[in-house]
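Summary of the model geometry
Here's the letter readout for the chains.
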Amino acid sequence: MEYIGFVFGIFGLLAYLQVSGMKKRVDQLERALTTMKGSPLHEDRKALLAAAESYIGEKVNIDLKEDHEDADIALYGNTKHGSNTILDADEEWMLVRIETPKAVKEKLIRMESIERISVIQ
(Lines give C-alpha, C1' and ligand atoms only; values in the text may rest on other atoms or scores of the structure.)
Protein backbone atom coordinates (compact mmCIF):
# COMPACT_ATOMS: atom_id res chain seq x y z
CA MET A 1 0.00 0.00 0.00
CA GLU A 2 2.85 2.35 0.82
CA TYR A 3 4.43 1.48 -2.51
CA ILE A 4 1.38 2.82 -4.43
CA GLY A 5 1.48 6.08 -2.47
CA PHE A 6 5.19 6.43 -3.22
CA VAL A 7 4.62 5.85 -6.97
CA PHE A 8 1.82 8.44 -7.10
CA GLY A 9 4.01 10.88 -5.17
CA ILE A 10 6.79 10.48 -7.76
CA PHE A 11 4.32 10.99 -10.64
CA GLY A 12 2.93 14.08 -8.91
CA LEU A 13 6.40 15.53 -8.50
CA LEU A 14 7.22 14.90 -12.17
CA ALA A 15 3.94 16.53 -13.26
CA TYR A 16 4.66 19.57 -11.08
CA LEU A 17 8.14 19.96 -12.59
CA GLN A 18 6.72 19.75 -16.12
CA VAL A 19 4.07 22.40 -15.43
CA SER A 20 6.47 24.77 -13.67
CA GLY A 21 8.96 24.51 -16.54
CA MET A 22 6.24 25.22 -19.06
CA LYS A 23 5.04 28.25 -17.05
CA LYS A 24 8.53 29.77 -17.29
CA ARG A 25 8.59 29.27 -21.08
CA VAL A 26 5.14 30.82 -21.50
CA ASP A 27 6.20 33.85 -19.42
CA GLN A 28 9.29 34.29 -21.61
CA LEU A 29 7.17 34.15 -24.77
CA GLU A 30 4.70 36.69 -23.39
CA ARG A 31 7.53 39.09 -22.54
CA ALA A 32 8.98 38.65 -26.04
CA LEU A 33 5.61 39.33 -27.68
CA THR A 34 4.92 42.47 -25.64
CA THR A 35 8.30 43.95 -26.51
CA MET A 36 8.06 43.21 -30.25
CA LYS A 37 8.27 46.38 -32.30
CA GLY A 38 7.37 46.94 -35.91
CA SER A 39 5.00 44.03 -36.38
CA PRO A 40 1.80 44.77 -38.33
CA LEU A 41 -0.36 43.73 -35.39
CA HIS A 42 1.45 46.17 -33.11
CA GLU A 43 0.97 49.08 -35.54
CA ASP A 44 -2.70 48.25 -36.15
CA ARG A 45 -3.41 48.23 -32.42
CA LYS A 46 -1.75 51.63 -32.03
CA ALA A 47 -3.77 53.08 -34.92
CA LEU A 48 -6.98 51.55 -33.56
CA LEU A 49 -6.32 52.97 -30.10
CA ALA A 50 -5.59 56.40 -31.54
CA ALA A 51 -8.83 56.29 -33.54
CA ALA A 52 -10.86 55.15 -30.52
CA GLU A 53 -9.39 57.90 -28.32
CA SER A 54 -10.09 60.56 -30.95
CA TYR A 55 -13.73 59.41 -31.32
CA ILE A 56 -14.58 59.48 -27.59
CA GLY A 57 -18.06 60.94 -27.18
CA GLU A 58 -18.98 60.47 -30.87
CA LYS A 59 -21.35 58.03 -32.50
CA VAL A 60 -19.43 55.42 -34.46
CA ASN A 61 -19.82 52.23 -36.46
CA ILE A 62 -17.87 49.37 -34.95
CA ASP A 63 -16.90 46.41 -37.12
CA LEU A 64 -15.86 43.38 -35.08
CA LYS A 65 -13.75 40.50 -36.28
CA GLU A 66 -15.72 37.54 -37.54
CA ASP A 67 -15.08 35.32 -34.52
CA HIS A 68 -15.92 38.08 -31.97
CA GLU A 69 -19.39 39.14 -33.14
CA ASP A 70 -21.68 40.77 -30.57
CA ALA A 71 -25.46 40.67 -31.06
CA ASP A 72 -26.15 44.10 -29.55
CA ILE A 73 -23.64 45.85 -31.78
CA ALA A 74 -24.65 43.94 -34.92
CA LEU A 75 -28.43 44.28 -34.44
CA TYR A 76 -28.72 47.79 -33.02
CA GLY A 77 -25.49 49.73 -32.76
CA ASN A 78 -24.62 49.92 -36.45
CA THR A 79 -28.14 50.55 -37.78
CA LYS A 80 -30.53 53.47 -38.15
CA HIS A 81 -32.46 52.20 -35.09
CA GLY A 82 -29.59 52.62 -32.65
CA SER A 83 -26.06 53.88 -32.19
CA ASN A 84 -22.71 53.18 -30.58
CA THR A 85 -20.99 55.92 -28.61
CA ILE A 86 -17.42 55.47 -27.37
CA LEU A 87 -17.16 56.46 -23.71
CA ASP A 88 -13.56 55.47 -22.95
CA ALA A 89 -10.69 53.50 -24.46
CA ASP A 90 -7.31 52.15 -23.40
CA GLU A 91 -4.83 49.62 -24.80
CA GLU A 92 -6.92 46.57 -23.87
CA TRP A 93 -10.57 47.66 -23.65
CA MET A 94 -13.09 50.09 -25.11
CA LEU A 95 -16.23 51.15 -23.22
CA VAL A 96 -19.18 51.65 -25.56
CA ARG A 97 -22.74 52.89 -24.94
CA ILE A 98 -25.19 51.02 -27.19
CA GLU A 99 -28.51 52.79 -27.60
CA THR A 100 -31.31 50.51 -28.77
CA PRO A 101 -34.98 51.37 -29.30
CA LYS A 102 -35.81 49.80 -25.93
CA ALA A 103 -32.77 50.36 -23.72
CA VAL A 104 -29.32 51.84 -23.28
CA LYS A 105 -26.48 49.42 -22.50
CA GLU A 106 -22.83 49.92 -21.73
CA LYS A 107 -20.39 47.22 -22.82
CA LEU A 108 -16.68 46.59 -22.57
CA ILE A 109 -15.18 45.37 -25.82
CA ARG A 110 -11.66 43.99 -26.17
CA MET A 111 -9.54 46.06 -28.54
CA GLU A 112 -8.20 42.91 -30.16
CA SER A 113 -11.74 41.93 -31.26
CA ILE A 114 -12.31 45.21 -33.14
CA GLU A 115 -11.50 45.29 -36.83
CA ARG A 116 -12.50 48.87 -37.73
CA ILE A 117 -14.04 52.01 -36.21
CA SER A 118 -15.64 54.71 -38.35
CA VAL A 119 -17.57 57.88 -37.50
CA ILE A 120 -21.22 58.09 -38.54
CA GLN A 121 -21.60 60.88 -41.08
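Every value quoted in this text rests on a predicted model; they were computed, and no experiment measured them.

Looking now at the overall build of the chain. When helices and strands are counted, the chain shows three helices and five strands. From first element to last, N terminus to C terminus, the chain shows the α and β order α-α-β-α-β-β-β-β. Sequence separation of at least 24 residues holds for 52% of the intrachain contacts in the chain that already meet a minimum separation of 6.

The five strands are arranged 4-3-2-1-5 in an open sheet whose pairing can be described as antiparallel. Whereas interior strands pair on both sides, the edge strands pair on one side only; in this sheet they are strand 4 (104–110) and strand 5 (114–119). Put simply, the sheet's adjacent strands are angled 40° from each other on average, direction ignored. Relative to strand 2 (residues 83–89), strand 1 (residues 59–64) runs antiparallel, the two being bridged by two bridges. Its bridge partner lying in strand 2, K59 is registered against T85.

Take the side chain of T85 next. Within the element layout of this structure, T85 appears in strand 2. T85 gets classed as buried once you look at its relative accessible area, which sits at 6%. Dropping the residues within four chain positions of it, T85 is found in contact with G57, E58, K59, L95, V96, R97 and E99.

Of the strand pairs in this sheet, strand 3 (residues 93–99) and strand 4 are connected by seven bridges, and their pairing is antiparallel. Across the sheet, the residue bridging to W93 is R110, located in strand 4. Here strand 3 folds back onto strand 4 in antiparallel fashion, the turn holding four residues.

Definitions and limits used
- Residues numbered from 1 in each chain as written.
- Predicted model: local features only at pLDDT ≥ 70, side-chain atom pairs only at ≥ 80, totals over all residues.
- Heavy atoms only, no water.
- Helix = DSSP H or I, 4+ residues; strand = E, 2+ residues; numbered from the N terminus.
- Contact = heavy atoms within 4.5 Å.
- Pairing = 2+ DSSP bridges.
- Axes fitted to C-alpha atoms, helices over the stretch in contact; angles between N-to-C directions.
- Buried < 20%, exposed > 50% of the residue type's maximum accessible area, 1.4 Å probe, protein only.

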